[in-house]
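Examination of the molecular architecture
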Amino acid sequence: MAKKILVTGGAGYIGSHTVMQLLLAGFSVSVVDNLDNSSEASLERVAELAGDCGKNMTFHKIDLRDRDALKKLFATTKFDAVIHFAGLKAVGESVQKPLLYYNNNIIGTIILLETMAEHGCKKLVFSSSATVYGWPKEVPCTEEFPLCATNPYGRTKLMIEEICRDIQLGDSEWDIVLLRYFNPVGAHPSGFIGEDPRGIPNNLMPFVQQVAVGRRPALTVFGNDYSTKDGTGVRDYIHVVDLADGHIAAVEKLFRSNKTGCDVYNLGTGKGTSVLEMVEAFEKASGKKIPLVMAGRRPGDSETVYASTSKAEKELNWKYVFVSYYYCRAKYGIEEMCRDQWNWASKNPWGYGKPNESADPST
Ligand code: UD1
């Protein structure tokens, strides 16, 4: 029998790519999403792309704070594990509207965890973020680094990590993997699914992509006076399909052993790339010129952040999951990330919508 996985936030960017990889790996997947910041079209495309495996997916439009709806779902399906993506993630908005973030991210998670416990489902993969390292004193960041948060969004990630550690300490039946993502970019190589942010993109590559298709005039570079190779911020960009595969590896680890406890892994490539290097790679992949406007540093930004990948390589054992590839770590570099990002952007310049369907008038 195929193992049944509940994916919260499965219609979003990382969620939809993970659902795709789960289906291909033979899992049965139920997606829960309130579609606040995502579109069901992503899942329709996943179903098509996954071919025969696509029929092993169901979608439920549920907000995690709707305890009754969630309970009903758990009453009808016995899940073997949950991958929890659902949450708000815009740093700036979280500063303006902290209660919205605490309400959505923290309360949603608590209700999910309570419902899981009530139904005896105690295996969880949680999507955390490298944001919990703040401005690290040194790089690469190992999982043992001190943690901090500089905004309400980051604090919700940190709090949920702590909640997970606490529930596992209180009840050893819980097996939890916390995954700290570095900077997911790119899209499925088919160009069928990709990132489709609502409103003005906060992150680098969605913005670059919208400049390339003519939706925005120029990229604003936030700071060129950092102590880095070219003065711009350095990050660890990881192909979203590699990141999705990391979740399969995490779920497999939960099923391999009942003694995971609450463990944490970085998902990155271990390589640092500057803003200008990323723009150059994207220009090469797309053949488009990206006009730049130099500006001051963005508040809360760190200078250089990249991952130590050794713990994930050793213990998550990606190579066991994808035996045919013999990969034990992220396999794509920035050329493939930019190639696939452009493939998605050029085929879907307005994401899953149409030009006159913009969800946000400020776009
Ligand atoms: C940001 C968030 C982080 C979150 C992560 C993933 C901030 C301060 N941090 O991380 O909490 O977990 O996204 O969603 O928002 N850049 C530009 N111009 C732009 C956009 C970005 O120059 O229009 C630069 C940034 O200054 C940075 C790099 O590009 O040096 C990457 O930025 P971004 O994609 O927003 O990711 P993070 O800053 O790493």
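Note that this is a predicted model, so its numbers are computed, not measured. (Residues numbered from 1 in each chain as written. Predicted model: local features only at pLDDT ≥ 70, side-chain atom pairs only at ≥ 80, totals over all residues. Heavy atoms only, no water.)

Describing the confidence of the model for the protein chain
Confidence in the prediction of the protein chain, expressed as mean pLDDT, is 93, and 94% of residues score 70 or more. Put simply, helix α11 (residues 318-321) is where the protein chain has its lowest mean pLDDT, 47, and strand β1 (residues 4-8) is where it has its highest, 99. Contacts for the low-pLDDT stretch residues 319-327, under 50 throughout, to residues beyond four places or in other chains number 10 contacts. Low pLDDT (under 50) marks residues 358-363, which in the prediction has seven contacts with non-local residues, meaning those over four places away or in another chain. (pLDDT = per-residue confidence, 0-100. Helix = DSSP H or I, 4+ residues; strand = E, 2+ residues; numbered from the N terminus. Contact = heavy atoms within 4.5 Å.)

A short note on the sheet that holds strand β6 (residues 175-181)
Across the sheet, which stays open at both edges, the seven strands sit in the order β3-β2-β1-β4-β5-β6-β11 with parallel pairing between neighbours. Two strands close off the open sheet at either side, each with one partner strand: β3 (57-61) and β11 (262-267). With strand direction ignored, the average angle separating the axes of adjacent strands in the sheet is 20 degrees. Sheet topology note: the β6/β11 ladder contains six bridges and is parallel. Each residue of the ladder has a partner; that of Arg-180, found in β11, is Asn-266. On the sheet, helix α6 (residues 152-170) packs against β5 (123-129), β6 and β11 and is oriented at approximately 155 degrees with respect to β5. Running over the sheet, helix α8 (residues 240-256) touches β1, β4 (81-84), β5, β6 and β11 and is turned about 160 degrees from β6. (Pairing = 2+ DSSP bridges. Axes fitted to C-alpha atoms, helices over the stretch in contact; angles between N-to-C directions.)

Considering the site of the ligand
By nearness alone, 19 residues border the ligand, and Asn-203, Thr-220, Arg-235, Arg-298 and Asp-301 come closest of all. In this structure, Phe-222 approaches the ligand through a main-chain N or O atom, which is 2.9 Å from an oxygen atom. In isolation the ligand has 740 Å² of accessible area, and contact with the protein removes 89% of it. Ranked by residue count, the leading element in the shell around the ligand is strand β8 (residues 219-222), at four residues. (Near = heavy atom within 4 Å. Polar contact = N/O pair within 3.5 Å; in protein donor to acceptor, adjacent residues only side chain to side chain. Areas by Shrake-Rupley, 256 points an atom, 1.4 Å probe, with all protein chains shown as cover.)

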